Amino acid sequence: MQLFAFADCLSKRLPDDCPGACALWKLGFGADHDAEQEAAAAGPVTGGSVTSSPVTGSQVLTWVLSVKPGWPPQQTALQSQLLTEDDVDLEALVNDMNASLESLYSACSMQSDTVPLLQNGQHARSQPRASGPPRSVQPQVSPRQRVQRSQPVHILAVRRLQEEDQQFRTSSLPAIPNPFPELCGPGSPPVLTPGSLPPSQAAAKQDVKVFSEDGTSKVVEILADMTARDLCQLLVYKSHCVDDNSWTLVEHHPHLGLERCLEDHELVVQVESTMANESKFLFRKNYAKYEFFKNPMNFFPEQMVTWCQQSNGSQTQLLQNFLNSSSCPEIQGFLHVKELGKKSWKKLYVCLRRSGLYCSTKGTSKEPRHLQLLADLEDSNIFSLIAGRKQYNAPTDHGLCIKPNKVRNETKELRLLCADDEQTRTCWMTAFRLLKYGMLLYQNYRIPQQRKALLSPFSTPVRSVSENSLVAMDFSGQTGRVIENPAEAQSAALEEGHAWRKRSTRMNILGSQSPLHPSTLSTVIHRTQHWFHGRISREESHRIIKQQGLVDGLFLLRDSQSNPKAFVLTLCHHQKIKNFQILPCEDDGQTFFSLDDGNTKFSDLIQLVDFYQLNKGVLPCKLKHHCIRVAL
């Protein structure tokens, strides 16, 4: 474009009778006169040749400068006239144009030097140049080409394509808007350049296999820094179950008979590196994981905890004493201890401190000379025994174990302990976690609570039923009301049951099948519920309750082994497991289910569970949490 502007400027500045202007107009800028007449009128030229072929810009400028200095006589006056009118130095302008054109055609040197371009942009065959002085060549053109207007030369923008290709090679990322434009200087671009971005590092990934309670498994690809809480949330999403912050990842060692729940902040890859080949991860519920923070005042028995400093007895002060690393709480009591390398067990007075687990060699004395270190808390974790009686000849079924992280398959370095009851074992395991993790354990408990408080106005209702999500309602009037009296709620349930029977009797009279007939859906619909576990034994139901946390209101339903038509409700209350039989009863030819010998009847088990989630009735507590098994 600079070359065409310069030629146009020369054609306007030079007078019409100047032969140089006519020759310049012929050499590639579209003259309308005859080519031979213009070449004859051009005057003597040194080093230039008049051809009909297009010429390069450097050839045009060379021809302009090659006009004989003695011609025309008015050359000096003409140059002074141009300089005085527009104050333009023609020679300096020509030199600048030459420099820019040489850099422009440097990228296209192979095309411009070896393969000349025709007027239509096609390549022509290169002709060898004859040696010797240049001579004027008369072009052989047809009359049609002679009168045709010259067309501009179409030159490929090779330099622009090379720049775009180079820019694409430097970075394939799109333009990213700068999120902090106010921190940039006035010369900084509004987008982040590829050089300003930090070098990307590929995050390490690893495959982890997780098993469910029913034996199914799923292989999940996780990052190296993924915690146990993150993996549980990922599995909850993939299995389409409800995330009520009670899911946990269990480290299971079948060859050692040990298992424990991973803390939410633990890295899954790091824990897996300490596991043997036979060990695996389990995905299950644990409602008792943070039970201490829900009721810290009544969790530990009074004689089990001693303090180095006086406490005011408040709940906040109790939490601070346990979570503060500068405090010195001590958990003390009698435990059965298995001697290392032997099969015998001894009942010793044990003391748990932040520095480790100690036993007294002389009664209940806690003098330093009488205390012997049993295990360290720093590089160890506490596990529960799965089958302590069978595998380790434990005196009770409430065994626990302190396992060093370096131990994989060896049982010689395991510190095996055993409590007299389940409550004592739970207290010791909770105390071990509190003294080891401290405030970090409390933060794991508070994070889901804070998240739930922030998202509560926008969260969807949880599908799991609890005593806070269901209330008894009365819709007999124009507006509904909440029934707060349990006796009134039970009476309303009985009336609703009578209404169902009246409707079923009316439908039987009309000849249609009753919805309460034993062969209908009402007798089998409970099998679609998560709380129904089918035909399992009493021992299996107790094991499931213990695994998912001995908290009040934890329950499941199963088929009765003694009565094929009955069902059994297994319920946990005060860390004890109780069983209640659900018997079928006949009334007006219809089958109902009842827990209290027919005083309260229900058409199916779903109605029975819904009722006892709202009302305690004959049960020691309301149904609150149900045991669930999810297939991965």
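Counting restarts for each chain, with residues numbered from 1 along the sequence as it is written. Only residues with pLDDT of at least 70 get local features here, since the model is predicted, and only at 80 or more are side-chain atom pairs given and counted; chain-wide, interface and lining totals rely on the full set of residues. Values shown for side chains rest on all heavy atoms present in the structure; no hydrogens or waters enter the calculation.

Some thoughts on the sheet that holds strand S19 (residues 567-573)
Link 1 in the chain: For two strands to pair, DSSP has to find at least two bridges joining them. Counting from the N terminus, the helices are the DSSP runs of H or I reaching at least four residues and the strands are the DSSP runs of E reaching at least two. Pairing within the open sheet is mixed, and its six strands lie in the order S22-S21-S20-S19-S18-S23. The sheet terminates laterally at strand S22 (601-602) and strand S23 (625-626), the two strands that pair on one side only.
Link 2 in the chain: Alignment of strand S21 (residues 590-594) against S22, held across two bridges, turns out to be antiparallel. Across the sheet, residue Phe-593 finds its bridge partner in S22, namely Phe-602.
Link 3 in the chain: Every residue pair with non-hydrogen atoms within 4.5 Å of one another is taken to be in contact. For helices, the fitted axis covers only the stretch in contact; all axes are lines through C-alpha atoms, and the angles between them, taken along N-to-C directions, range from 0 to 180 degrees. In the packing of helix H18 (residues 538-547) onto the sheet, the strands contacted are strand S18 (554-559), S19 and strand S20 (576-587), and the crossing angle to S18 comes to about 155 degrees.

Digging into a nonpolar patch on the surface
Link 1 in the chain: A surface patch of nonpolar side chains, amounting to about 380 Å² of accessible area, comprises Val-471, Met-473, Phe-475 and Val-482.
Link 2 in the chain: By the secondary structure assignment, Phe-475 is in the loop between strand S16 (472-474) and strand S17 (481-483). Each patch is built from residues that are more than 30% exposed by relative accessible area and take part in no salt bridge. Like charges join if they lie within 9 Å; nonpolar side chains (Val, Leu, Ile, Met, Phe, Trp, Tyr) join within 5 Å. All accessible-area figures derive from a Shrake-Rupley calculation using a 1.4 Å probe, and residue coverage is judged against the displayed protein chains alone. A pair is scored as a salt bridge if a Lys or Arg side-chain nitrogen falls within 4 Å of a carboxyl oxygen belonging to Asp or Glu.

What about the pairing of strand S10 (residues 345-353)?
Looking along a regular strand, one sees side chains alternate from face to face of the sheet.
Link 1 in the chain: Pairing analysis gives eight bridges linking strand S9 (residues 330-338) to S10, with the strands arranged antiparallel. Looking at the pairing, Gln-332 lines up with Cys-351 of S10.
Link 2 in the chain: Linkage of S9 to S10, two consecutive antiparallel strands, is achieved through a turn of six residues, within which Gly-341 is found at a positive phi near 80 degrees.
Link 3 in the chain: Bridge analysis of S10 against strand S11 (residues 356-360) gives four bridges, and the strand direction is antiparallel. Directly across from Arg-353, in S11, lies its bridge partner Gly-356.

Examining the environment of Leu-258
Link 1 in the chain: Inspection of the secondary structure puts Leu-258 in strand S6 (residues 258-261).
Link 2 in the chain: Think of it in three bands: with a 1.4 Å probe and only protein chains considered, a residue is buried below 20% of the maximum accessible area for its type, exposed above 50%, and partly exposed in between. A relative accessible area of 0% means that Leu-258 is categorised as buried.
Link 3 in the chain: In this structure the C-alpha to C-alpha distance between Leu-258 and Ile-386, which are 128 residues apart in sequence, comes to 5.8 Å.
Link 4 in the chain: Apart from the residues within four sequence positions on either side, Leu-258 is in contact with Glu-251, His-252, His-253, Phe-383, Ser-384, Leu-385, Ile-386, Cys-401, Lys-403 and Leu-414.

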